[in-house]
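Below are the chains, spelled out letter by letter.
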Amino acid sequence: MAILLGPSGIGIVGLFMATTKLISSLTNFGLGISAVKDIAAANESENNNRIAKVVVIVRRLVWFTGLLGALITLVFSTWLSELAFGSKEYSIAFVWLSITLLLNQLTSGQNVILQGLRKLKYLAKANMVGSALGLLASVPMYYYWRLEGIVPAIIVTALFTFGVSRYFANKVKTQKVVVSLKEIRSEGKGMMLMGFMLSLSGIMVLGGSYVIRIFINGTGGVEEVGLYNAGITLVSTYVGLLFTAMETDYYPRLSVVATDNTKSTLLVNQQAEIAILILAPVLSVFLIFTDWIIIVLYSREFIAVNQMIHWAFLGMFFKVAGWVVGFIFIAKGASRLFFWSELISNLYLLGLNLLGYYLWGLTGLGFSFLLSYILYLTQVYLIAKTYYDFTFKNAFVKVFSIQLTLALICFATIRLLPVPWAYIAGIPIIVISTWYSFKELDKRLHLRDLLNNYKKKE
C-alpha cells in the first residue's frame, strides 16, 4: 500500500479506517472484550449447556450491533464524508464501507468465541489466514486501480477475514440449544452494560485519534496524515502484535483469579515481566534501524516520520506496563472505574498530542506519546494500589529498569552519532538486551528445554 499509494493514499485509507472504527466503537457495545469474560466463565464451569447458551447469545448480539453500525454509516454517509474530508466527494465510498461494519462485527463475534473457549490455535490461524487472503486479494486492486481501489480492497479484506473466522469458529462444536428472545435480553444485559462502559473507552481512544487525524489534515494536509498513519501503525500495530498475542491468553486467565487480589497481583507482575522481556529487544532493533525498517515496510517517502517513531518507541515501555495493570479493572468487572481512568488518560493524551503537533509537528506527536504513557502508567498503578492492594514486585522493577536503560542508550546512540557509527555502536546494545531477555525468560519459561524438545521432535 505504501509503495502503490504513497503518503497521500495512506492518508485517505487512514481517514476511512478511523471513521469506520469510530462508528464501530459507538455501536459494538464493547462485546469484543466483555463477552470474552462471560464465555471464559462458562467454559471454566465445564457446563456444556451453559457454554452453548452463552455462545448463541453472543452470536445474536453481534448481528444486532453489526447491523446497527452498518445502518448508521449508510444513513450518515454524506455527513461522514464532510467530517473526514471536508467535502461530499467520498459519500458513496462510505455507503459501500457500511458493509464492513457488519462483517467486522461478525468477525469479532467469532473471535470472541474462540478466545473465550481458549481455542487459541484456531484463533491464530483465523487471523493469519484471513489477513493473508485479504492481502493477496487487495494488492492487485491497489496495483491496477490505485486510489480507486481503496474501498473495494477494504471490503474484500473484510469478507475474507469474516469467512475464515467463521470457518474456524464452526470447528468448535457446542450443544444445540434453543434460546428465547427473553433469555437473550436477560443474559445479554450484563454483557451489554459492561460492554457499554468498555465501548465508551474505545470511543474515547478512537475519537481522540480521529480528532488528531482531522487536525493534521486541516493543518498539514492529507500527506501529513499519511506520514502520521505510517508512524502510528509502526508503533501501535506492528509492536502492538505483542499486546494482541498476550491479551488472547492473559485476559481469560486474569478473569479466573480476579476475585483474589494476591493472585491477581502475582499474575499481573509475571505478565508485565514477560512482556517487557519480549518487547525490549524488538524496540532496541527498531530504535537503531528505524530508517531501514521504514524503507522496508513503507518506502523512502516516509523517512520524515523517523523522529516521531524514536520518541514513541520509548513510550512503549510505559505503555505495555500500564496496559498490563489496566486489565485488572476489566477482569474485576469494575467498568465504571475503568471508564473514568480511561476518560482522564485520553483527555490528556489528546491535549498533549494536539499541543505537540502544533508546536513541533510529527516529532511533537512522538514526544507527547512518551509523556502520555508515563502519566498513564503512574495513574493506573496508583488506582490499582488504592483499590486492589496492587504493587510492582522487585523482579519487575529490575527487568524494567535494565531494559529501559539499554533502550535509552540506543535512543541516544541513533540521535547523536552519524551513520554508520550509530549502527556499529548500537548492535552491541541490541545483543546485550537480547541476551538478558533470553536469560530471564529461560528462568521463567524454560526456553532451552522447549527448544531442545522441539529439536527432538524434528
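Residues numbered from 1 in each chain as written. Predicted model: local features only at pLDDT ≥ 70, side-chain atom pairs only at ≥ 80, totals over all residues. Heavy atoms only, no water.

**So, the overall build of the protein**
Then comes step 1: Of the regular secondary structure elements, the protein holds 17 helices and 0 strands.
Then comes step 2: Computed over its C-alpha atoms, the radius of gyration of the protein comes to 22 Å, within 12% of the 23 Å expected for a compact globule of 458 residues.
Then comes step 3: Each of the 458 residues in the protein was classed as buried or not, and the buried ones make up 53%.
Then comes step 4: A fraction of 80% describes how many contacts in the protein between residues 6 or more apart in sequence connect residues 24 or more apart. (Helix = DSSP H or I, 4+ residues; strand = E, 2+ residues; numbered from the N terminus. Rg over C-alpha atoms; globule rule 2.2 N^0.38 Å. Buried < 20%, exposed > 50% of the residue type's maximum accessible area, 1.4 Å probe, protein only. Contact = heavy atoms within 4.5 Å.)

**A word on unusual backbone geometry**
Then comes step 1: Of note, the amide linkage connecting Val419 to Pro420 takes the cis form, showing an omega dihedral of 10 degrees.
Then comes step 2: Despite not being glycine, Arg146 shows a phi value in the positive range, around 50 degrees.
Then comes step 3: Here Arg146 lies in the loop between α6 (120–145) and α7 (150–170).
Then comes step 4: Unlike most non-glycine residues, Asp389 shows phi in positive territory, near 55 degrees.
Then comes step 5: By the element assignment, Asp389 lies in the loop between α14 (335–388) and α15 (394–416).
Then comes step 6: With relative accessibility at 58%, the residue Asp389 sits in the exposed group.

**Some points on the packing of aromatic side chains**
Then comes step 1: Applying the stated criterion across every chain, the model contains 27 aromatic pairs.
Then comes step 2: Relative to Phe367, the ring of Trp311 lies with its centre 5.2 Å away and its plane at 90 degrees, an arrangement referred to as edge-to-face. Of this pair, Trp311 sits in helix α13 (residues 306–331) while Phe367 sits in helix α14, placing them 56 residues apart in sequence.
Then comes step 3: Judged by its relative accessible area of 36%, Phe367 falls in the partly exposed class.
Then comes step 4: Three or more aromatic residues joined by ring pairs make a cluster, and in this case those are Phe318, Tyr381, Phe390, Phe392, Phe396 and Phe400. (Phe/Tyr/Trp six-rings, centres within 6.5 Å; stacked < 30°, edge-to-face > 60°.)

**Details of the confidence of the model for the protein**
Then comes step 1: Across the protein, the average pLDDT comes to 88, with 98% of residues at or above 70.
Then comes step 2: The element-level mean pLDDT for the protein is lowest in helix α17 (residues 447–457), coming to 73, with α15 highest at 96. (pLDDT = per-residue confidence, 0-100.)

**Notes on the pattern of salt bridges**
Then comes step 1: Throughout the structure, instances matching the rule amount to 4 salt bridges.
Then comes step 2: Of the charged contacts, one joins Glu273 and Arg444 as a salt bridge, the two residues approaching to 2.7 Å between their closest N and O atoms. Of this pair, Glu273 sits in helix α11 (residues 261–288) while Arg444 sits in helix α16 (residues 421–445); the two residues are 171 residues apart in sequence, bridging distant segments of the chain.
Then comes step 3: On the accessibility criterion, Glu273 (8% relative accessible area) is buried.
Then comes step 4: Judged by its relative accessible area of 27%, Arg444 is partly exposed.
Then comes step 5: Each member of the salt-bridge network shares a partner with another, and the members are Glu273, Lys439, Glu440, Lys443 and Arg444. (Salt bridge = Lys/Arg side-chain N within 4 Å of Asp/Glu carboxyl O.)

**Regarding a nonpolar patch on the surface**
Then comes step 1: The grouping of Leu355, Tyr358, Leu359, Trp360, Phe367, Leu371 and Leu375 at the surface amounts to a nonpolar patch, some 740 Å² of accessible area in total.
Then comes step 2: Structurally, Trp360 is set in helix α14.
Then comes step 3: For Trp360, a relative accessible area of 56% puts it in the exposed group. (Patch = residues over 30% accessible without salt bridge, like charges linked within 9 Å, V, L, I, M, F, W, Y side chains within 5 Å. Areas by Shrake-Rupley, 256 points an atom, 1.4 Å probe, with all protein chains shown as cover.)

**Structural notes on the packing of helix α1 (residues 2–27) against helix α4 (residues 77–85)**
Then comes step 1: Remark: α1 packs on α4, axes separated minimally by 10 Å, with the N-to-C direction vectors making an angle of 130 degrees. When the axes of α1 and α4 are compared, the pair comes out oblique. As α1 packs across α4, the resulting crossing turns out to be right-handed. From α1, Ile12, Leu15, Phe16, Thr19 and Ile23 reach across to α4, where they touch Leu80, Ala84 and Phe85.
Then comes step 2: Its residues placed into classes, the contact of α1 with α4 shows 7 nonpolar, 1 polar and no charged. (Axes fitted to C-alpha atoms, helices over the stretch in contact; angles between N-to-C directions. Parallel < 35°, antiparallel > 145°, perpendicular 65-115°, else oblique. Left-handed = near helix turned anticlockwise from the far one by under 90°. Nonpolar A, V, L, I, M, F, W, Y, C, P; charged D, E, K, R; others polar.)

**Here's the deal with the side chain of Ser372**
Then comes step 1: Mapped onto the elements, Ser372 comes out in helix α14.
Then comes step 2: For Ser372, a relative accessible area of 2% puts it in the buried group.
Then comes step 3: At a separation of 2.7 Å, a polar atom in the side chain of Ser372 contacts the main-chain carbonyl oxygen of Ser368.
Then comes step 4: Ignoring any residue separated from it by four or fewer positions in sequence, one finds Ser372 in contact with Tyr348, Leu349 and Leu352. (Polar contact = N/O pair within 3.5 Å; in protein donor to acceptor, adjacent residues only side chain to side chain.)

**Digging into helix α2 (residues 31–45)**
Then comes step 1: Between the first and last C-alpha of α2 there are 21 Å, a value that for 15 residues agrees with the 21 Å anticipated at 1.5 Å per step.
Then comes step 2: Turning to α2, its buried residues are Leu31, Ser34, Ala35, Val36, Ile39, Ala40 and Ala42.
Then comes step 3: Within two residues after α2, Glu46 carries a phi angle of roughly 60 degrees, on the positive side. (Expected span 1.5 Å × (residues − 1).)

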